[in-house]
Amino acid sequence: MSALHPCLTLRIWPECDASVTGAVALVSIALALLLPAGVRADTAAVKLTATERAFVAALNEARVDNGRPPLVSDARLVRAARTHSQDMIDRRYFEHGAFAQRLARYGIHGGQIGENIGWTSGSSNTVATLVRMWLRSPGHRAVLLSPGFGSIGVGVARGAFKGWPGAVVVTTDFHGS
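Note that the structure is predicted; figures quoted are calculated from it, not measured. (Residues numbered from 1 in each chain as written. Predicted model: local features only at pLDDT ≥ 70, side-chain atom pairs only at ≥ 80, totals over all residues. Heavy atoms only, no water.)

### What to know about the overall build of the protein
And then number 1: For the protein, the helix and strand inventory stands at 5 helices and 8 strands.
And then number 2: Secondary structure elements in the protein, listed N-terminal to C-terminal, are β-β-β-β-α-β-α-α-β-α-α-β-β.
And then number 3: Relative to its full complement of 177 residues, the protein shows a buried share of 50%.
And then number 4: In the protein, 70% of the contacts between residues at least 6 apart in sequence involve partners at least 24 apart.
And then number 5: Summed over all atoms, the accessible surface of the protein reaches about 8200 Å², with 58% contributed by carbon and sulfur. (Helix = DSSP H or I, 4+ residues; strand = E, 2+ residues; numbered from the N terminus. Buried < 20%, exposed > 50% of the residue type's maximum accessible area, 1.4 Å probe, protein only. Contact = heavy atoms within 4.5 Å. Areas by Shrake-Rupley, 256 points an atom, 1.4 Å probe, with all protein chains shown as cover.)

Given below as structure tokens:
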């Protein structure tokens, strides 16, 4: 038996929040539009894990299949996503929190930002399962396929979560101009 959790919370600005609970599971996404500002390029490389690379590949495949350009991995977004996924496991919560402020701490200032989160208790194909669920959810799909995004950071953390010993928690952070 496995638990699967896609959550749906759409946000335009952190203080505005509309939540929808689905019959299958709770899914959470957020989208915030910030005023344009300079965005510095990140030159520090971060090595992705095999699972993180698989997520980037699957998300890019979905984008290309839907006429969108592929996303480029951004080390700042990877660090932010990894930190958030691990924090959710460590502190036992499942939500975005103040993700605009979190991304700003990693050097993402201005432009369009978005975030999808999900977790599973360890289905045999975590990547395909979560990507399929995000694509079936209108809010997640909008974030994933937004033409304004050019870069992505995927962070995957594993551990005991919500009573499941082998859970996988995933954060995908997006940025564009």
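### As for the packing of aromatic side chains
Each aromatic ring pair is described using two quantities: the centre-to-centre distance and the angle formed by the ring planes.
And then number 1: The full count for this structure, using the stated rule, is 3 aromatic pairs.
And then number 2: For the pair Phe55 and Trp134, a centre-to-centre distance of 6.2 Å together with 45 degrees between the ring planes defines the contact as tilted. Placement of the pair is Phe55 in helix 1 (residues 50-65) and Trp134 in helix 4 (residues 126-136), with a sequence separation of 79 residues.
And then number 3: The exposure class assigned to Phe55 is buried, which follows from its relative accessible area of 0%.
And then number 4: Residue Trp134 is classed as buried on the basis of its relative accessible area of 0%.
And then number 5: Both rings, one in Trp119 and one in Phe161, keep their centres 5.0 Å apart while their planes meet at 85 degrees; by these two values the pair is edge-to-face. With Trp119 in strand 6 (residues 112-120) and Phe161 in strand 7 (residues 151-161), this pair connects stretches of sequence that are 42 residues apart.
And then number 6: Here Trp119 falls in the buried class, since its relative accessible area comes to 3%.
And then number 7: Judged by relative accessible area, Phe161 falls into the buried class, the value being 1%. (Phe/Tyr/Trp six-rings, centres within 6.5 Å; stacked < 30°, edge-to-face > 60°.)

### Things to note about the nonpolar core
And then number 1: Core analysis: the biggest nonpolar cluster contains 21 residues, and Phe55, Leu59, Trp134, Ile152, Val154 and Val170 have the highest contact counts within it.
And then number 2: Elements with a contribution of two residues or more to this core: helix 1, helix 4, helix 5 (138-144), strand 7 and strand 8 (164-176).
And then number 3: With residues up to four places along the chain from it excluded, the contact list for Val154 reads Glu52, Phe55, Val56, Leu59, Val78, Ala81, Arg82, Val170, Thr171 and Thr172.
And then number 4: Counting residues in hydrophobic clusters, the runner-up holds 10 residues, among them Phe94, Ile117, Ala167 and Val169. (Core = buried A, V, L, I, M, F, W, Y, C linked by side-chain atoms within 4.5 Å.)

### Some details on helix 2 (residues 75-91)
And then number 1: The terminal C-alpha atoms of helix 2, which comprises 17 residues, lie 24 Å apart, in line with the 24 Å expected from a rise of 1.5 Å per residue.
And then number 2: Between the side-chain oxygen at the start of helix 2 and the backbone nitrogen of Arg76 there is a gap of 2.8 Å, and the oxygen is on Asp74.
And then number 3: Remark: Arg92 follows helix 2 within two positions and exhibits a positive phi of approximately 55 degrees. (Expected span 1.5 Å × (residues − 1). Polar contact = N/O pair within 3.5 Å; in protein donor to acceptor, adjacent residues only side chain to side chain.)

### A short note on the environment of Val78
And then number 1: Here Val78 is to be found in helix 2.
And then number 2: For Val78, a relative accessible area of 0% translates into the label buried.
And then number 3: For Val78 and Thr172, which are 94 residues apart along the polypeptide, the C-alpha to C-alpha distance reads 8.2 Å.
And then number 4: Other than its neighbours up to four places away in sequence, Val78 contacts Val46, Leu48, Ser73, Ile152, Gly153 and Val154.

### A closer look at the pattern of salt bridges
And then number 1: By the definition in use, this model includes 5 salt bridges.
And then number 2: A salt bridge links Arg82 to Glu52, with the shortest nitrogen-to-oxygen separation between them at 2.6 Å. In this pair, Arg82 is assigned in helix 2 and Glu52 in helix 1, connecting sequence segments 30 residues apart.
And then number 3: Overall, Arg82 belongs to the partly exposed group, its relative accessible area being 27%.
And then number 4: Between Asp173 and Arg102 there is a salt bridge, with its nearest N and O atoms 3.6 Å apart. Placement of Asp173 in strand 8 and of Arg102 in helix 3 (residues 99-105) is noted, with a sequence separation of 71 residues between them.
And then number 5: Given the relative accessible area of 0%, Asp173 is considered buried.
And then number 6: Within this structure, Arg102, Glu115 and Asp173 form a network of salt bridges that share partners. (Salt bridge = Lys/Arg side-chain N within 4 Å of Asp/Glu carboxyl O.)

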